[in-house]
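# Commentary on secondary and tertiary structure
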Amino acid sequence: MKTIHVELGERSYPILIGQGILAELPALIEQSGARGTIALVTDTNVAPLHGARVEALIRGAGRRCVTCAMPAGEEHKRLAQVESFIGQFLEAGLDRAGLVVALGGGVVGDTAGYAAAAFMRGIPFVQVPTTIVAQVDSSVGGKTAVNHALGKNIIGAFHQPSSVLIDTTFLRTLPDRELRAGLAEVIKHGVIADEKLFAYMESNSAAILRKDLDALEYPIVRSCEIKAAVVAEDEHEHGARADLNYGHTFGHAIEAVSNYTRFLHGEAIAIGMNAAGHLARELGLVDDSFVSRQAACIWAYGLPTAWEELSVDATLAAMKHDKKARAGTLKFIVADRMGHVIHRTDVGEDQARRALGAVQASR
Ligand code: NAD
Ligand code: ZN
């Protein structure tokens, strides 16, 4: 088992990573200091696969536990679901001494985390992520949120978990498409911060895609280390944390123009990273070999690097809309070499257009 510490002063917390380490959960619950009832929050896909085992573990440690399962799917990550959870917490007798355990993917983590942040002005929560996205990204960093009809993740709070338990054996039941999409974020971590991680992803795609848990451990650990370091430096995203948005300016827009149905998040990010690669070349920061190397790695994981039906106009409009909604400038995170990124706010519309044009057809 590997332990990584997210250093945030009094909000610091450990991330435990390993195969079959779920048994550590009661100890983490103890360490949180919460003495009351535990709400085990999950979704309707994860509950039948893993819910009973986790609930039994919590009860076996002598704690009261109520399981609250939300319908699976991004469309249920909304305020009405938070209100429903809070009703279930109250009915089960949770009070300020209570604790939420979030068992599931990013949808569960974000929704449960926000419910924990809002309930009685905040109770602790433990993240037990079960998807790649959640194990390498969403469970670490304390961003919790639900969607609004007018925008994703608009209603939210920074609420750090009291610990994160990453048992990689949960991945055995994860659908392949979800696995591949999550790996886009791992490739991203390599591009933004660690050429060695990127090279590992290039060399080990076969083992990773067959869910060899030994092969998966290093990229999960490195991803958590990279994310933990970025979050420790910039908890509330004033600067460095934006590195994690590599591929996301383009990717979010692609998700929006495809109505969030055509691509999983990681798939849109994969195309977005390829667009960011073309933009970096356009800006003279990297040469063709960077673009083709990144694309080949994305491709090796069965992820898309292009979208033939992409409308450059619509995607650009979505990027501007996103910028307006978040009151920011249009900022692009671009690589100047493998393993390092810089922020550019001076990108011309014609340059962004050419980068998008390049992912209409290119590999
Ligand atoms: P998800 O939570 O929807 O999970 C994907 C699917 O896999 C769901 O159908 C789920 O029920 C199922 N599933 C989960 N674990 C499983 C398992 N072990 N076996 C079988 N099925 C399983 O999606 P996700 O990709 O994990 O997360 C995406 C969400 O995360 C988005 O809402 C996104 O906004 C959010 N996110 C948040 C952050 C953050 O910093 N808070 C970062 C990245 C993404
Ligand atoms: Zn992402």
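Scroll up to find the structure.
Treat the numbers as computed from the prediction; the structure is a model and nothing was measured.

## Some points on the site of ligand 1
- Taken together, 26 residues form the shell around ligand 1, and within it Asp43, Glu74, Thr130, Thr131 and Thr173 come nearest.
- Taking Asp110, its side chain carries an N or O atom lying 3.0 Å from a nitrogen atom of ligand 1.
- In this structure, a nitrogen atom belonging to ligand 1 sits 3.0 Å away from a main-chain N or O atom of Phe170.
- For ligand 1, the accessible surface in isolation is 860 Å², of which the surrounding protein chains cover 87%.

## Some words on helix H2 (residues 46-60)
- Taking 1.5 Å of rise per residue, 15 residues should cover 21 Å, and H2 covers 20 Å from first to last C-alpha, within 8% of that figure.
- Considering bend angle alone, the principal kink of H2 is centred on Ala52 and spans about 30 degrees.
- Taken together, the buried positions of H2 are occupied by Val46, His50, Gly51, Val54, Glu55 and Ile58.
- Taken together, the buried residues of H2 touch helix H1 (25-31), strand S3 (38-43), strand S4 (65-70) and strand S5 (99-104).
- In the segment just after H2, Gly62 is the residue with positive phi, at about 85 degrees.

## A look at empty space enclosed by the protein
- Per the stated rule, a full pass over the model turns up one cavity of 30 Å³ or more.
- By volume, the largest cavity amounts to about 40 Å³.
- Taken together, the elements giving at least two residues each to the lining of the largest cavity come down to helix H10 (248-257) and strand S10 (332-337).
- Within the lining of the largest cavity, the residues separate by chemical class into four nonpolar, three polar and no charged.

## What about the nonpolar core?
- In this structure, Ile15, Ile132, Leu183, Ile187, Met201, Tyr246 and Phe250 are the most contacted members of the largest nonpolar core, which totals 76 residues.
- Take this core: its biggest share by element is 10 residues, from helix H9 (residues 213-233).
- In terms of nonpolar packing, the next biggest core, distinct from the first, is built from 22 residues, Leu94, Val100, Ala115 and Phe119 among them.

## Some thoughts on the state of the cysteines
- Under the definition given, this model contains zero disulfides.
- Cys65 takes part in no disulfide bond, and the closest cysteine sulfur, belonging to Cys68, lies 8.4 Å away.
- The exposure class assigned to Cys65 is buried, which follows from its relative accessible area of 7%.
- The thiol of Cys224 is unpaired, and the distance to the nearest cysteine sulfur, on Cys297, comes to 18 Å.

## Remarks on the pairing of strand S11 (residues 340-344)
- The sheet contact formed by S10 and S11 spans five bridges and is antiparallel. Looking across to S11, one finds that Val334 is bridged to Ile342.
- The hairpin turn running from S10 into S11, its antiparallel successor, is two residues long, and Gly339 in that turn takes a positive phi close to 95 degrees.

## Details of the coordination of the zinc ion (ligand 2)
- Each protein donor to the zinc ion (ligand 2) is listed here as Glu185 (OE), His248 (NE2) and His265 (NE2); together their distances run 2.0 to 2.1 Å.
- The sequence pattern describing where the donors of the zinc ion (ligand 2) fall on their chain is E-x62-H-x16-H. Here the residue His248 occupies a position in helix H10, and His265 occupies one in helix H11 (residues 265-282), the gap between them amounting to 17 residues.
- On the basis of relative accessibility, which here comes to 26%, the residue His265 falls in the partly exposed class.

## Quick word on the pattern of salt bridges
- Applying the stated criterion across every chain yields a total of 24 salt bridges.
- For the salt bridge of Arg222 with Glu225, the shortest nitrogen-to-oxygen distance reads 2.7 Å. Of this pair, Arg222 and Glu225 both sit in helix H9, three residues apart, which is roughly one turn of the helix.
- Linked through salt bridges whose partners overlap, the residues forming this network are Lys2, Asp194, Arg222 and Glu225.

## Some words on H10
- With seven of its 10 residues buried, H10 lies for the most part within the structure.
- Buried residues of H10: His248, Thr249, Phe250, Gly251, Ala253, Ile254 and Glu255, and no others.
- Just past H10, the residue Asn259 takes up positive phi, approximately 55 degrees.

Analysis parameters
- Residues numbered from 1 in each chain as written.
- Chains lettered and ligands numbered in written order.
- Predicted model: local features only at pLDDT ≥ 70, side-chain atom pairs only at ≥ 80, totals over all residues.
- Heavy atoms only, no water.
- Near = heavy atom within 4 Å.
- Polar contact = N/O pair within 3.5 Å; in protein donor to acceptor, adjacent residues only side chain to side chain.
- Areas by Shrake-Rupley, 256 points an atom, 1.4 Å probe, with all protein chains shown as cover.
- Helix = DSSP H or I, 4+ residues; strand = E, 2+ residues; numbered from the N terminus.
- Expected span 1.5 Å × (residues − 1).
- Bend = angle between axes of the 7 residues up to and from the residue.
- Buried < 20%, exposed > 50% of the residue type's maximum accessible area, 1.4 Å probe, protein only.
- Contact = heavy atoms within 4.5 Å.
- 1 Å grid on protein atoms, 1.4 Å probe; cavity = no way out; pocket = protein on both sides within 12 Å on 5 of 7 lines; lining within 4 Å.
- Points joined across faces, edges and corners; volume = space filled by probe spheres on them.
- Nonpolar A, V, L, I, M, F, W, Y, C, P; charged D, E, K, R; others polar.
- Core = buried A, V, L, I, M, F, W, Y, C linked by side-chain atoms within 4.5 Å.
- Disulfide = S-S within 2.5 Å.
- Pairing = 2+ DSSP bridges.
- Donors = N, O, S within 2.8 Å, 3.2 Å for Na, K, Ca; no water.
- Salt bridge = Lys/Arg side-chain N within 4 Å of Asp/Glu carboxyl O.

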